[in-house]
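The primary structure of each chain is shown beneath.
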Amino acid sequence: PTRPTPMAIPPQLHTTHTQQHNRVEMAVVTMPGTALMLLLMLVAAATCTQSASDAAAATHHSIDMSLAIDLTRYPIHHIDSSSTANSKRAAVVQQCRQMLLEEGACVLPQFFTSDIVAHMQRELLAGTRAYSDKWHTLFQLPVDSAYPADHVRNHLVHASIGFVPRRSLAQLSILNILYSWQPLVAFLAEVAGHKLYLSGDTDGAVYGTVNSVKDITAWHFDQHPFSAVALVQKADDGGLFEWSYTPKTETEEERFQRLQGVLDGESVVRSLSPREGALIFFNGNKTLHQVSKVFSEKPRISAVFAYALEPNFKNSDEVRAANTWTDEAKAGKQAAKPQSPKATSKSDL
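Residues numbered from 1 in each chain as written. Predicted model: local features only at pLDDT ≥ 70, side-chain atom pairs only at ≥ 80, totals over all residues. Heavy atoms only, no water.

1. Focus on the overall build of the chain
Heads up, the condition is: Secondary structure elements follow DSSP: runs of H or I of four or more residues count as helices, runs of E of two or more count as strands, with numbering from the N terminus. Here the term buried applies to any residue with accessible area under 20% of the maximum for its type, exposed to any over 50%, and partly exposed to those in between, with areas from a 1.4 Å probe on protein chains only. Contacts: residue pairs with any heavy atoms within 4.5 Å of one another. Exposure was quantified through the Shrake-Rupley algorithm and a 1.4 Å probe, taking into account, for residues, occlusion by the shown protein chains and nothing else.
The helix and strand tally for the chain stands at eight helices and 14 strands. The burial tally for the chain puts 54% of its 349 residues in the buried class. Within the chain, counting contacts between residues at least 6 apart in sequence, those at least 24 apart form 86% of the total. For the chain, the exposed area adds up to about 15900 Å²; of that, 51% sits on carbon and sulfur atoms.

2. Comments concerning the nonpolar core
The test is simple: Buried Ala, Val, Leu, Ile, Met, Phe, Trp, Tyr and Cys residues that are joined via side-chain atoms within 4.5 Å together make up what is termed a nonpolar core.
The biggest cluster of nonpolar side chains holds 48 residues, and the ones touching the most others in it are Phe112, Met120, Leu178, Phe187 and Phe281. A total of seven residues in this core trace back to one element, the largest contributor, which is helix H6 (residues 182–192). In contact with Phe112, not counting residues within four places along its chain, are Ala68, Ile69, Val117, Met120, Leu178, Ala230, Gly277, Ala278, Leu279 and Phe305.

3. Some points on the pairing of strand S8 (residues 226–233)
Short version of the rule: Note: two strands are recorded as paired if DSSP finds a minimum of 2 bridges between them.
Extensive coverage of S8 is indicated by the burial of eight of its eight residues. As defined by bridge partners, S8 adjoins strand S13 (residues 300–308) across seven bridges and the pair is classed as antiparallel. Counterpart to Ser227 in the pairing with S13 is Ala306. By the bridge criterion, four bridges tie S8 to strand S11 (residues 279–282) in an arrangement that is antiparallel.

4. Quick look at the confidence of the model for the chain
We count it as follows: Residue-level confidence of the predictor is summarised by pLDDT, bounded by 0 at the bottom and 100 at the top.
Chain-level statistics for the chain give a pLDDT mean of 80 and a share of 71% at 70 or above. A low-confidence stretch, residues 42–62 (pLDDT under 50), is modelled with 34 contacts involving residues beyond four sequence positions or located in other chains. pLDDT under 50 marks residues 340–349. Its contacts with residues more than four places away, or in other chains, come to 24 contacts.

5. Focus: the pattern of salt bridges
A side chain with one charge may pair with a side chain of the opposite charge, provided their charged atoms come close. Rules: Definition used for salt bridges: Asp or Glu carboxyl oxygen within 4 Å of a side-chain nitrogen of Lys or Arg.
In this structure the tally under the stated criterion is five salt bridges. Across the pair Arg167 and Asp203 runs a salt bridge, and its minimum N-O distance is 2.8 Å. With Arg167 in the loop between strand S4 (156–164) and helix H5 (174–180) and Asp203 in the loop between strand S5 (197–198) and strand S6 (206–211), this residue pair connects regions lying 36 residues apart in the sequence. Across the pair Glu250 and Arg258 runs a salt bridge whose closest N-O atoms are separated by 2.8 Å. Residue class for Glu250 comes out partly exposed when judged on its relative accessible area of 24%.

6. Focus: helix H7 (residues 252–264)
Heads up, the rule is: Helix span, as expected, comes to 1.5 Å for every residue beyond the first.
The first and last C-alpha atoms of H7 sit 18 Å apart over 13 residues, in line with the 18 Å expected at 1.5 Å per residue. Taken residue by residue, H7 has Phe256, Arg258, Leu259, Gly261 and Val262 as its buried positions. Contact partners of the buried residues in H7: strand S7 (217–220), strand S9 (241–244) and strand S12 (288–291). At the exit of H7 stands Gly265, carrying a positive phi of roughly 80 degrees.

7. Some points on the pairing of S9
Burial along S9 is two-sided: the face carrying Phe241 and Trp243 and the face carrying Glu242 and Ser244 are both buried. Here S9 pairs with strand S10 (residues 270–272) via three bridges, running antiparallel. Looking across to S10, one finds that Phe241 is bridged to Leu272. Pairing between S9 and S12: four bridges, direction antiparallel. Its bridge partner being in S12, Ser244 is matched across the sheet by Leu288.

8. What to know about helix H4 (residues 114–126)
What counts is decided by this rule: Directions from the helix axis toward the C-beta atoms define the arc.
Between its terminal C-alpha atoms H4 stretches 18 Å, which fits the 18 Å expected from 13 residues at 1.5 Å a residue. For H4, the set of buried residues is Ile116, Val117, His119, Met120, Glu123 and Leu124. Summarising the axial view, the buried residues of H4 lie within an arc of 160 degrees, below the 170-degree limit, and thus occupy one face. Turned more than 90 degrees from where H4 packs its buried face, Ser114 and Ala126 sit exposed.

9. Quick notes on the environment of Gly284
By the secondary structure assignment, Gly284 is in the loop between S11 and S12. Gly284 sits in the buried class, given a relative accessible area of 0%. With 61 residues separating them along the chain, Gly284 and Gln223 place their C-alpha atoms 7.2 Å apart. Not counting residues within four places of it along the chain, the set of residues in contact with Gly284 comprises Phe221, Asp222, His224, Pro225, Phe226, Ser227 and His289.

10. Points about the packing of aromatic side chains
Here is the rule: Note on aromatic contacts: the rings of Phe and Tyr and the six-membered ring of Trp form a pair at centre separations within 6.5 Å, being stacked when their planes are under 30 degrees apart, edge-to-face when over 60 apart, and tilted otherwise. Sitting over a ring, as applied to charges here, requires NZ of Lys or CZ of Arg to be within 6 Å of the ring centre and within 35 degrees of the ring normal.
Within the structure shown, the criterion is met by 11 aromatic pairs. Centre to centre, the rings of Tyr147 and Phe256 are 5.5 Å apart; their planes meet at 80 degrees, and the pair counts as edge-to-face. Note that Tyr147 is positioned in the loop between strand S3 (143–144) and S4 and Phe256 in helix H7, a separation of 109 residues in sequence. An aromatic cluster of at least three residues, connected via ring pairs, comprises Phe139, Tyr147, Phe221 and Phe256. Geometry around Phe221 places Arg255 over its ring, the cationic atom sitting 4.8 Å from the centre.

11. Brief notes about unusual backbone geometry
For Gln140, which is not glycine, the phi dihedral falls at a positive 55 degrees. Structurally, Gln140 can be placed in the loop between strand S2 (130–137) and S3. Residue Lys214 is not a glycine yet carries a positive backbone phi of 75 degrees. Counting through the fold element by element, Lys214 comes out in the loop between S6 and S7.

In structure tokens form, the structure reads like this:
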């Protein structure tokens, strides 16, 4: 596909402010790397008496979250603080809103600290990894008989991906803690311009992806309205985050033409490969996106946080059925392309 110059990150988001004690109802903790991560987990374990998401959301952990997120660069926790602190936060929110509107994705480089990134790498590589090798439509829905078989609405793409579902993460997983941390949820909601809720989906709320050599997370729309993706490890070759977006209002036909152009290599596709620790936030159910094929032995690893516009949101039965993850070993050959996919109606789109 035709590709523009990689998206530039506004210089305001590269500015590092004077170090200060940034705490949110938390006690200061000063411990090095591994011990620090163990403390995070022990604190979470001591307070987790409900489900992981409910407990993490309801609990004010006695830890300094600047150990996990660069709160000097991104003071997202300054919600009811001094005017100076609030102005810094407001500037970050405004920059992210602008990126989301103009580019279709808000990219925050070095959002997570190197210690947390290293911990997430270990956690996701150690987790029970399932493998999916499947064909699906761009919309992750069955084909629609109201459209011709060769219409872009019914086009099937092949995806193969390693997946660490939420059910295989420990209840005290750092991913659950970060996903549910209220200052982060509130910040992302301001950027999105909507109140955001934690997902009620069993595996699709918080999960990890491990894309090994030749794996590809093919073009698709999410069903969750918004996704925040933490880049945990870059591949040495490939594994780019790619998306198609236009800020203008489109008719259905114009939208389909743009999507067909993506498949044909004629529409503009944005491309991004940030460093480890970056956070990418985008409107997943309105922005066509993929992770390109990995060509290196070093896998691409990411953590995905999915947010909804209503409580207890869950993926459709079709998506959950398609995402039936098994613990079987990676298939030795590509999945067979379906010959006669189940049809659905146009109203389901």
